[in-house]
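As a plain string of letters, each chain reads:
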Amino acid sequence: MTNPLIKIKNLHCGYAPGKPVLYVDDLNLAENEITFMLGPSGIGKSTLIEALGLINDTILDNKSSHVLFQNDQNQYVNLNELWINNKSELETFRRNYFSFIFQNNYLMPNLSAGENMMMTLLMKGENETEAKDKILYYMDKVGLVGDLFDKKVVHLSGGQKQRLAFVRAIASPFKLLIGDEPTGNLDAMTADKLMSYATQSIRDSNRSALFVSHDINLALRYADTILLFKFIKKDVELGLLSDSEALKREGDKWYHTSKEIANPHQLIMEGFLQSPKML
Ligand code: ADP
Ligand code: MG
């Protein structure tokens, strides 16, 4: 892969020194692609997202590891060094390069929908009039009427709030959209519609996305690459994420270790079932 967006080597993630929960041996994330990460609960998906999205320093100290992100000047920035060295640079980097959607919408209940959306866009340096136009445009695209702009979030349904979380993320500037179970609380049809719109809009604007999901069908419908986590037994039981476990789409066919797979759904399920924690 030439010039990946993210290059990871020999990375241990976790919450306490000497107690890794996840190991990434060698992984490249392509630019202008939609990547889904699938794996059983507790394997370290959110732990990795926290590190990559500069949300929480879950990179365990290891001098020989690197997590490189390609910036707008086509230079690779080592996220590990951002974590260690420079808090304000880290915050600026997060604002400039990432947008987030989580399973819980993280909207302020007593502010209006519009105030919630505007806050993020203005913080990212957007001009007020343009920000509002953009938000109304994207609200319309995800099926939210403009009247909702001035309604307090506390009066909205769960589905409306999660649509707003998508709008906020897509309308603001980013290079990589990061979603951690972004449709986890939605019914299957709403989840599909939102994911369809989000992925299309990312493709149209030549940007990239990394989604964690439990939903194999959504991944097979909208991903270019599916990364599979599995549990391995090293000294202790550990999650592993590796390029060698990736599924790649070409046209409407899926490939694993360069071989075409007739039934990718089954292959993914079998991978989960072989995981020691699932037995
Ligand atoms: P996933 O997102 O794949 O369901 P997580 O990344 O949330 O899994 O969790 C991976 C492991 O790290 C689990 O064993 C979990 O209990 C542990 N873990 C998660 N968050 C914390 C935390 N804040 N402090 C300590 N351990 C945590
Ligand atoms: Mg999680």
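Preceding this paragraph is the structure being described.
All of these numbers come straight from a predicted model, not from anything done at the bench. (Residues numbered from 1 in each chain as written. Chains lettered and ligands numbered in written order. Predicted model: local features only at pLDDT ≥ 70, side-chain atom pairs only at ≥ 80, totals over all residues. Heavy atoms only, no water.)

Chemist: Quick question: what am I supposed to make of the packing of helix H6 (residues 158–171) against helix H7 (residues 188–204) here?
Modeler: Axes are the key here: two packed helices are described by the angle between their axes and the distance separating the axes. Here H6 crosses H7 at 5°, and the two axes come no closer than 11 Å. By the angle between their axes, H6 is roughly parallel relative to H7. Residues Gln-162, Arg-163, Phe-166 and Ile-170 of H6 form the contact with H7, whose own contacting residues are Thr-190, Leu-194, Ala-198 and Ser-201. Class assignment for the residues of the contact of H6 with H7 results in 4 nonpolar, 3 polar and 1 charged. (Axes fitted to C-alpha atoms, helices over the stretch in contact; angles between N-to-C directions. Helix = DSSP H or I, 4+ residues; strand = E, 2+ residues; numbered from the N terminus. Parallel < 35°, antiparallel > 145°, perpendicular 65-115°, else oblique. Contact = heavy atoms within 4.5 Å. Nonpolar A, V, L, I, M, F, W, Y, C, P; charged D, E, K, R; others polar.)

Chemist: What is the right way to look at the packing of aromatic side chains in this model?
Modeler: As enumerated under the stated definition, the model contains 11 aromatic pairs in all. With a centroid separation of 5.6 Å and 65° between ring planes, the pair formed by Phe-69 and Tyr-97 is classed as edge-to-face. Taken together, the positions of Phe-69 in strand E4 (residues 66–70) and Tyr-97 in helix H3 (residues 87–97) put the pair 28 residues apart, joining distant regions of the chain. Ring geometry for Phe-98 and Phe-100: centres 6.2 Å apart, planes at 50°, overall tilted. Three or more aromatic residues joined by ring pairs form one cluster here, namely Phe-69, Phe-93, Tyr-97, Phe-98, Phe-100, Phe-102 and Tyr-106. The aromatic ring of Tyr-76 is capped on one face by Lys-7, whose charged end is 4.2 Å from the ring centroid. We note Arg-207 situated over the ring of Phe-174; from NZ or CZ to the ring centre the distance is 3.9 Å. (Phe/Tyr/Trp six-rings, centres within 6.5 Å; stacked < 30°, edge-to-face > 60°. Lys NZ or Arg CZ within 6 Å of the ring centre and 35° of its normal.)

Chemist: I'm lost on the environment of Asn-56 in this one. Help?
Modeler: Mapped onto the secondary structure, Asn-56 falls in the loop between helix H1 (45–52) and E4. Under the relative-accessibility criterion, Asn-56 is labelled partly exposed at 33%. Here the alpha-carbon distance between Asn-56 and Tyr-97, two residues 41 residues apart in the chain, equals 16 Å. There is a polar contact of 2.8 Å between the side chain of Asn-56 and the side chain of Glu-50. (Buried < 20%, exposed > 50% of the residue type's maximum accessible area, 1.4 Å probe, protein only. Polar contact = N/O pair within 3.5 Å; in protein donor to acceptor, adjacent residues only side chain to side chain.)

Chemist: I keep staring at the layout of surface pockets and nothing clicks. Help me out?
Modeler: Over the atoms, a rolled probe matching the size of one water molecule traces out where space is still vacant. One number sums up the size of the largest pocket: a volume of about 570 Å³. Taken together, 22 residues form the lining of the largest pocket, with Phe-100, Phe-102, Thr-120, Met-123 and Arg-168 sitting closest to its centre. Classifying every residue of the lining of the largest pocket by side-chain character gives 11 nonpolar, 6 polar and 5 charged. (1 Å grid on protein atoms, 1.4 Å probe; cavity = no way out; pocket = protein on both sides within 12 Å on 5 of 7 lines; lining within 4 Å. Points joined across faces, edges and corners; volume = space filled by probe spheres on them.)

Chemist: Mind showing me how you'd approach the site of ligand 1 here?
Modeler: Around ligand 1, the structure places Tyr-15, Val-21, Pro-40, Ser-41, Gly-42, Ile-43, Gly-44, Lys-45, Ser-46 and Thr-47. Taking Tyr-15, its side chain carries an N or O atom lying 3.4 Å from a nitrogen atom of ligand 1. Look at ligand 1: alone it shows 560 Å² of surface, and the protein chains cover 54% of it. At 3 residues, H1 tops the list of elements feeding residues into the shell around ligand 1. Class assignment for the residues of the shell around ligand 1 results in 4 nonpolar, 5 polar and 1 charged. (Near = heavy atom within 4 Å. Areas by Shrake-Rupley, 256 points an atom, 1.4 Å probe, with all protein chains shown as cover.)

Chemist: What's the story with the pairing of strand E9 (residues 225–233) in this structure? I'm lost.
Modeler: In the case of a regular strand, side chains alternate between the two sheet surfaces. Judged by how many residues are buried, E9 sits mostly within the fold: 7 of 9 residues are covered. The pairing of strand E3 (residues 34–38) with E9 spans 4 bridges and is parallel. Bridge pairing in E9 links Phe-36 to Ile-226. Here E9 runs beside strand E11 (residues 247–250); their pairing, made up of 2 bridges, is antiparallel. (Pairing = 2+ DSSP bridges.)

Chemist: Teacher, can you tell me more about the side chain of Ser-242 here?
Modeler: One can find Ser-242 in the loop between strand E10 (237–241) and E11. In terms of polar contacts, Ser-242 uses its side chain to reach the side chain of Asp-25, at 3.2 Å. Among all residues touching Ser-242, those that are not within four sequence positions of it are Asp-25, Asp-26 and Leu-27.

Chemist: How do you make sense of helix H4 (residues 113–123) when you look at a structure like this?
Modeler: In an α-helix there are 3.6 residues to a turn, and that puts residues three or four apart on one side. Buried residues of H4: Ala-113, Gly-114, Asn-116, Met-117, Met-118, Thr-120 and Leu-121, and no others. Structurally, H4 contributes buried residues whose contacts are with helix H5 (128–141) and H6.

Chemist: Please clarify how the packing of H5 against H6 should be interpreted in this entry.
Modeler: Taken N-terminus to C-terminus, the directions of H5 and H6 make an angle of 130°; their axes are 9 Å apart at the nearest point. The angle between H5 and H6 falls in the class oblique. Helix-helix and strand crossings are classified by hand; for H5 and H6 the assignment is right-handed. The residues of H6 that touch H5, namely those facing Lys-134, Ile-135, Tyr-138 and Met-139, are Leu-164, Val-167, Ile-170 and Ala-171. Per-class residue counts for the contact of H5 with H6 are 7 nonpolar, no polar and 1 charged. (Left-handed = near helix turned anticlockwise from the far one by under 90°.)

Chemist: Just to check I follow, could you spell out the side chain of Gln-162 for this structure?
Modeler: Within the secondary structure, Gln-162 sits in helix H6. Other than its neighbours up to four places away in sequence, Gln-162 contacts Ile-101, Phe-102, Gln-103, Asn-104, Asn-105, Pro-182, Leu-186 and Leu-194.

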